[in-house]
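A look at the structure
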Amino acid sequence: MPKLLICITGSIAAIKLPLLIHKLAKKDVACKVVISRDGLNFITPMAISTMGVNVYLDDNIDMNSYDQVMQHINLGKWADYILVCPASANSIAKLSSGYADNLLTATILASNAHKIIVPAMNKLMWKNSLTQENVSRLQHHGFTFWGPASGLQACGDNDIGRMIEVEEILEKIDNLISKEQNHQFAISNLSALFGRRVVITAGGTKEMIDPVRYISNHSSGKMAYALAQEAISLGAKVSLISASDLPPPAKSAIITVSNGADMLKAALDLAKNTDIFIGAAAVCDYTVAKYSPQKIKKSDEINLNLITIPDILKTIRTKYPDLFIVGFAAETNNLIQYARAKLINKQLNMIVANDVSNNKVFGQDTNQVTIINKDFTEFVSSKASKDIIAKFILQNISKEYFKK
Ligand code: PMT
């Protein structure tokens, strides 16, 4: 939650601050208030503290209390944003010279917060070259100015110097915070997997029966490739072990395989140097016990003796007990029950369950998944494009991965 410190100085516009703080209280913002001695000529602490907002004053500091004596440091460190509102010409002048002669100026000098000045004064004071010099100096030192506006002033003049309206201040605070939150999300997302090595299996393996025929499934590789693309955009180094014919995402290393044995071999090769292994491929569970080197002649009935092929994820787990492994569960019924069983049986860190009945996932551009973590917490996505589903899966993977 963003932390906003409002510093009220000696201007008649201070009478609008209880309304601003009342409206701020409804937002997802933590708020504290410092009032200067001159500010107390226009507003009482009670007008603010009755709204549940802590108010800090110069004269309340108990000089025998270490915490209170350090209040300017604590407040300065606490704040993400400092809003000097209203900002009188006098306070602007003191701030531009680095004064620290009261709690308000000392806090601002002691803070790395984003500092915003909301000026309010008579037009002649605003236009005075000394004030303008102080404003430029503060801007040069990274202070942001909101306003002033033009309009009727307490002295009867009608010109620039009036504090901008409360609604406009609230709108600016909203924009500031949402921009910061987007920025934080982008940073956290951009570096979410930065430099991490991710291996993803893709597509449907083919088990040859004879030189012409094979056993396979409908997997296109789209889900796996969407995961690869998203992992790359999150800064990961991605290797795709692919049985898919799709063109691989740029910047991914591609190892093309056909059957389960080749996929297993490639997986074992890569798993030793990887951080996250995602088994998104539809691996055939069976292959023929005996491959026929010649095309089997057509007859009314042939019996294929099928045997299971090794489970890739289980084999990887056995060899790399600490590797972060994510599996998929493709089911047509009892989705969660069967997915949980695979989560346990394959000793996965996480499993992505998808209902593949009625051909609604294989080869399609959309999917809907339920992610189940090792502790059986579940995260259900809505139906969306496989790109969006890939974002959903990777957000949950990076959250779990960095937790371990
Ligand atoms: O490729 P698309 O057309 O986009 O379709 C996406 C998908 C449906 C293929 C994908 O979302 C998906 O569900 N992939 C897993 C399909 C699958 O084989 O699920 P399964 O429940 O049969 O296997 C469970 C897990 O064990 C999977 O992670 C699988 O890769 C793995 N496995 C299975 C068999 C085997 N011998 N070794 C394995 O590692």
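When its secondary structure is counted, the chain shows 14 helices and 22 strands. The C-alpha atoms of the chain give 32 Å as radius of gyration, which overshoots the globular expectation for 404 residues (22 Å, by more than 25%). Projected onto the principal axes, the alpha-carbon positions of the chain cover approximately 105 × 45 × 35 Å. Evaluated residue by residue, the chain yields a buried proportion of 48% over its 404 residues. Sequence-distant contacts in the chain: of pairs separated by 6 or more residues, those separated by 24 or more amount to 65%. Carbon and sulfur atoms make up 53% of the accessible area of the chain, which amounts to about 20,300 Å² in all. Both charge centroids of the chain, one from 43 positive and one from 36 negative side chains, sit 6 Å from each other.

Each assigned domain of the chain is listed here: domain 1 (3–187) and domain 2 (194–403). The straight-line distance from the C-alpha centre of domain 1 to that of domain 2 is 56 Å.

Turning our eyes to something else, we now look at helix α1 (residues 17–24). Residue pairs spaced three or four apart in an α-helix point in one direction, given the helix's 3.6 residues per turn. Burial in α1 covers these residues: Leu 17, Pro 18, Leu 20, Ile 21 and Leu 24. All buried residues of α1 lie within an arc of 160° about the axis, which places them on one face of the element.

Here we come to the site of the ligand. Every one of the 30 residues lining the ligand counts as a neighbour, but Ser 220, Gly 279, Lys 342, Asn 354 and Lys 386 are closest to it. Note that an oxygen atom of the ligand is positioned 2.7 Å from one of the backbone N or O atoms of Gly 363. Surface burial for the ligand is 95%, taken as the share of its 760 Å² of free accessible area covered by protein chains. Per-element accounting of the shell around the ligand gives the leading share, 5 residues, to strand β17 (residues 324–331). A breakdown of the residues in the shell around the ligand according to their chemical character gives 15 nonpolar, 8 polar and 7 charged.

Attention now moves to the nonpolar core. Membership of the largest hydrophobic core comes to 35 residues, with the highest contact counts inside it found for Ile 200, Leu 227, Ile 278, Ile 393 and Ile 397. Broken down by secondary-structure element, the contributors of at least two residues to this core are β9 (197–202), α10 (222–233), β12 (237–242), β14 (276–279), β17, β18 (350–355) and α14 (386–403). For this core, the element with the highest residue contribution is α10, accounting for 8 residues. In this view, Ile 200 contacts Ala 224, Leu 227, Ala 228, Val 238, Ser 239, Leu 240, Ile 241, Ile 278 and Ala 280; residues no more than four positions away in its chain are not counted. Judged by nonpolar contacts, the second largest core, of 33 residues, contains Val 53, Trp 146, Val 166 and Ile 169.

What follows deals with the packing of aromatic side chains. Applying the stated rule across the entire model yields 2 aromatic pairs. Both rings, one in Phe 324 and one in Tyr 401, keep their centres 5.6 Å apart while their planes meet at 85°; by these two values the pair is edge-to-face. Within this pair, whereas Phe 324 is found in strand β17, its partner Tyr 401 is found in helix α14, the two being separated by 77 residues in sequence. The same class applies to Phe 324 as to Tyr 401, namely buried.

Scanning all chains against the criterion turns up 16 salt bridges. One salt bridge connects Lys 127 with Asp 159, and the closest N-O pair in it is separated by 2.8 Å. Of this pair, Lys 127 sits in helix α7 (residues 123–127) while Asp 159 is found in strand β8 (residues 158–162), placing the two residues 32 residues apart along the sequence. For Lys 127, a relative accessible area of 47% gives the class partly exposed. Exposure remark for Asp 159: the relative accessible area of 21% places this residue in the partly exposed category. Linking Asp 355 and Lys 360 is a salt bridge whose minimum nitrogen-to-oxygen distance equals 3.1 Å.

This part takes up the environment of Met 51. Tracing the backbone through its elements, the reader meets Met 51 in the loop between α2 (45–49) and β3 (54–57). By relative accessible area, Met 51 is classed as partly exposed at 24%. Between the C-alpha atom of Met 51 and that of Ala 25, which follows or precedes it by 26 residues, the distance is 7.9 Å. Residue contacts for Met 51: discarding those within four places in its chain leaves Pro 18, Ile 21 and His 22.

Parameters at a glance
- Residues numbered from 1 in each chain as written.
- Predicted model: local features only at pLDDT ≥ 70, side-chain atom pairs only at ≥ 80, totals over all residues.
- Heavy atoms only, no water.
- Helix = DSSP H or I, 4+ residues; strand = E, 2+ residues; numbered from the N terminus.
- Rg over C-alpha atoms; globule rule 2.2 N^0.38 Å.
- Buried < 20%, exposed > 50% of the residue type's maximum accessible area, 1.4 Å probe, protein only.
- Contact = heavy atoms within 4.5 Å.
- Areas by Shrake-Rupley, 256 points an atom, 1.4 Å probe, with all protein chains shown as cover.
- Lys, Arg positive; Asp, Glu negative; His and termini not counted.
- Charge placed at Lys NZ, Arg CZ, Asp CG, Glu CD.
- Domains from an automatic or database assignment.
- Arc of directions from axis to C-beta.
- Near = heavy atom within 4 Å.
- Polar contact = N/O pair within 3.5 Å; in protein donor to acceptor, adjacent residues only side chain to side chain.
- Nonpolar A, V, L, I, M, F, W, Y, C, P; charged D, E, K, R; others polar.
- Core = buried A, V, L, I, M, F, W, Y, C linked by side-chain atoms within 4.5 Å.
- Phe/Tyr/Trp six-rings, centres within 6.5 Å; stacked < 30°, edge-to-face > 60°.
- Salt bridge = Lys/Arg side-chain N within 4 Å of Asp/Glu carboxyl O.

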